[in-house]
Amino acid sequence: AVVSTQSTGTLMQTLEGSPVLVHAGPFANIAHGNSSIIADRMALKLVGSEGYVCTEAGFGADIGGEKFFDIKCRYSGLRPSAAVLVCTVRALKMHGGGPAVTPGGGLAKEYKEENLGLLEKGLCHLTKQIENVTQYGTPCVVAVNRFHTDTETELELVRNHALKNGAFDAQVAENWEKGGEGAVKVAHAVVNACKTPSQFKFLYDLNQSLVAKMNIIVQKIYGGEGVEIPVDIADKISNLEEQGYGDLPICMAKTHLSLSCDVTRKGVPTGFRVPIQDVRLSAGAGFVYPLAGTISTMPGLPTRPAFYNIDVDTKTGDITGLF
């Protein structure tokens, strides 16, 4: 039912009437985490040569961002004029050693009250993510997504830190509360960033070995020492290269909760290696995806998923079994 119409994006709109194309968008921790090239090209055609298209790369710059640059941009031939890096005071406090956040457990007071010490300790993570963007030669605009509990002092601390550590600009975003009006400063910053010359470059060359490409991602994006590959997995990698798949890009399946594979290590961990538990091929999609650490590539499905009950009439296009 889904596949029958997958080649066309879904045209939606924001509450203020801005057009939005929803097409694909898999999780960035277990897939590439980006919307389709079809949607991007359609949007670029619609806005014209003077317009702007904002496309999302899921999770952080170390996950969806890296895959956007190194996988999607290779296949689309498109080059970003600028990148927007979204951060929050709360997330940076967590990377500074704040209390664990659990679904449904409520937020600790450290996240809802001013705590400059905790925030300062977590700013190293913002620095690393700015570096992850700018090493592709792309101007980086930092958008600080404001929560109502954030103080002006905290927001200015984040903005000033970003500006001193490689960001083209840094502005507070309040569009979740105020709609388009709350994102005007960010929008102006993006327009200005797009006017600056950029020298886009990929992180690695496709003619490098699969292991070399994995090591480059770990070293330059995650900040680790490299990958750790068991003998049996090394044999699988050799087989893939012998079969002609060694020149494909890498789509790392890895937790998004830490730059390392240890979800308890926040901030900017160092001195770690990324264990590769398996390596699989997505020949049709055009990438090799290593499984880093313990990660499920199909999370959240029940024993009998609902799609078993869904069907489509190929003559009429009617879909049954949705309800």
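See the structure above.
Residues numbered from 1 in each chain as written. Predicted model: local features only at pLDDT ≥ 70, side-chain atom pairs only at ≥ 80, totals over all residues. Heavy atoms only, no water.

1. What about the packing of aromatic side chains?
So, point 1. Here the structure, examined in full by the defined rule, presents six aromatic pairs.
So, point 2. The interplanar angle of 20° and the centroid separation of 6.4 Å between the aromatic rings of Tyr136 and Phe200 together place this pair among those described as stacked. In this pair, Tyr136 sits in the loop between α5 (116–134) and β4 (140–145) while Phe200 sits in the loop between α8 (184–195) and α9 (210–222), placing the two residues 64 residues apart along the sequence. With respect to burial, Tyr136 and Phe200 carry one shared label: buried.
So, point 3. Following the ring pairs from residue to residue traces out a cluster consisting of Phe68, Phe69, Tyr136, Phe200 and Phe202.
So, point 4. The lysine or arginine in question, Arg74, covers the ring of Phe202, its NZ or CZ lying 4.1 Å from the ring centre. (Phe/Tyr/Trp six-rings, centres within 6.5 Å; stacked < 30°, edge-to-face > 60°. Helix = DSSP H or I, 4+ residues; strand = E, 2+ residues; numbered from the N terminus. Buried < 20%, exposed > 50% of the residue type's maximum accessible area, 1.4 Å probe, protein only. Lys NZ or Arg CZ within 6 Å of the ring centre and 35° of its normal.)

2. Brief notes about the pattern of salt bridges
So, point 1. Under the counting rule described, the total for this entry stands at 11 salt bridges.
So, point 2. Linked by salt bridges that have partners in common, Arg146, Glu152, Glu174 and Lys178 make up one network. (Salt bridge = Lys/Arg side-chain N within 4 Å of Asp/Glu carboxyl O.)

3. Observations concerning the sheet that holds strand β7 (residues 273–282)
So, point 1. With mixed pairing, the three strands of this open sheet are ordered in space as β6-β7-β8. Strands at the two margins of the open sheet, each flanked by one partner only, are β6 (226–228) and β8 (287–292). Each adjacent strand pair in this sheet contributes to an overall mean axis angle of 55°, direction not counted.
So, point 2. Summarising the sheet, β6 and β7 pair through three bridges and their orientation is parallel. Pairing of Val227 across the sheet is with Val274, part of β7.
So, point 3. Contacts from α9 reach β6, β7 and β8 within the one sheet, and its direction differs from that of β6 by about 125°.
So, point 4. The strands that helix α10 (residues 231–242) touches are β7 and β8; relative to β7, the one it contacts most, it runs at about 40°. (Pairing = 2+ DSSP bridges. Axes fitted to C-alpha atoms, helices over the stretch in contact; angles between N-to-C directions. Contact = heavy atoms within 4.5 Å.)

4. Quick notes on the pairing of β7
So, point 1. Where β7 and β8 come together, six bridges link them in antiparallel fashion. From the neighbouring strand, Ile276 faces β8, where its bridge partner is Ala292.
So, point 2. The hairpin formed by β7 and β8 contains four residues between the paired strands, and Gly286 there has a positive phi angle of roughly 90°.

5. Considerations on unusual backbone geometry
So, point 1. Backbone geometry places Phe59, a non-glycine residue, at a positive phi of 60°.
So, point 2. If you trace the backbone, Phe59 turns up in the loop between α1 (37–47) and α2 (61–76).

6. Things to note about the environment of Met252
So, point 1. One can find Met252 in the loop between α10 and β7.
So, point 2. For Met252 and Val231, which are 21 residues apart along the polypeptide, the C-alpha to C-alpha distance reads 19 Å.
So, point 3. Not counting the four nearest positions on each side in its chain, Met252 is found in contact with Ala28, Asn29, Lys67, Met214, Ile217, Val218, Tyr222, Ile276, Pro290 and Ala292.

7. Regarding the nonpolar core
So, point 1. Counting residues in each nonpolar core, the largest one holds 47 residues, and the members touching the most others are Leu126, Val142, Val158, Met214 and Ile276.
So, point 2. A total of seven residues in this core trace back to one element, the largest contributor, which is α9.
So, point 3. Core analysis: the second largest hydrophobic core is formed by eight residues, Cys251, Ala253, Phe287 and Leu291 among them. (Core = buried A, V, L, I, M, F, W, Y, C linked by side-chain atoms within 4.5 Å.)

8. What to know about the state of the cysteines
So, point 1. Scanning all chains against the criterion turns up zero disulfides.
So, point 2. The cysteine Cys194 is free of any disulfide, with Cys54 supplying the nearest cysteine sulfur at 9.6 Å.
So, point 3. Here Cys261 is not cross-linked by a disulfide; its sulfur's nearest cysteine counterpart is in Cys251, at 14 Å. (Disulfide = S-S within 2.5 Å.)

9. Here we look at the packing of α2 against α5
Two quantities define a packed helix pair, namely the angle between the axes and the distance from one axis to the other.
So, point 1. Orientation of α2 relative to α5, taken along the N-to-C sense of each, is 5°, at an axis distance of 10 Å. In terms of axis orientation, α2 runs roughly parallel to α5. Of α5, the residues touching α2 (which contributes Ala61, Asp62 and Phe69) are Gln129, Asn132 and Val133.
So, point 2. Across the contact of α2 with α5, the residue classes tally to three nonpolar, two polar and one charged. (Parallel < 35°, antiparallel > 145°, perpendicular 65-115°, else oblique. Nonpolar A, V, L, I, M, F, W, Y, C, P; charged D, E, K, R; others polar.)

10. Quick word on the side chain of Lys254
So, point 1. Relative to the elements of secondary structure, Lys254 occurs in the loop between α10 and β7.
So, point 2. For the buried Lys254, which has no salt bridge, the nearest side chain bearing the opposite charge is Asp62, at an N-O separation of 4.5 Å.
So, point 3. Within the structure, Lys254 has its side chain in polar contact with the backbone oxygen of Ser258 (distance 2.7 Å).
So, point 4. Those residues within four positions of Lys254 in sequence are excluded, and the remaining contacts are Asn29, Asp62, Ile63, Tyr222, Leu259, Ser260, Cys261, Ala292 and Ile295. (Lys, Arg positive; Asp, Glu negative; His and termini not counted. Polar contact = N/O pair within 3.5 Å; in protein donor to acceptor, adjacent residues only side chain to side chain.)

Geometric descriptors of this kind do not, in isolation, establish any biological role.
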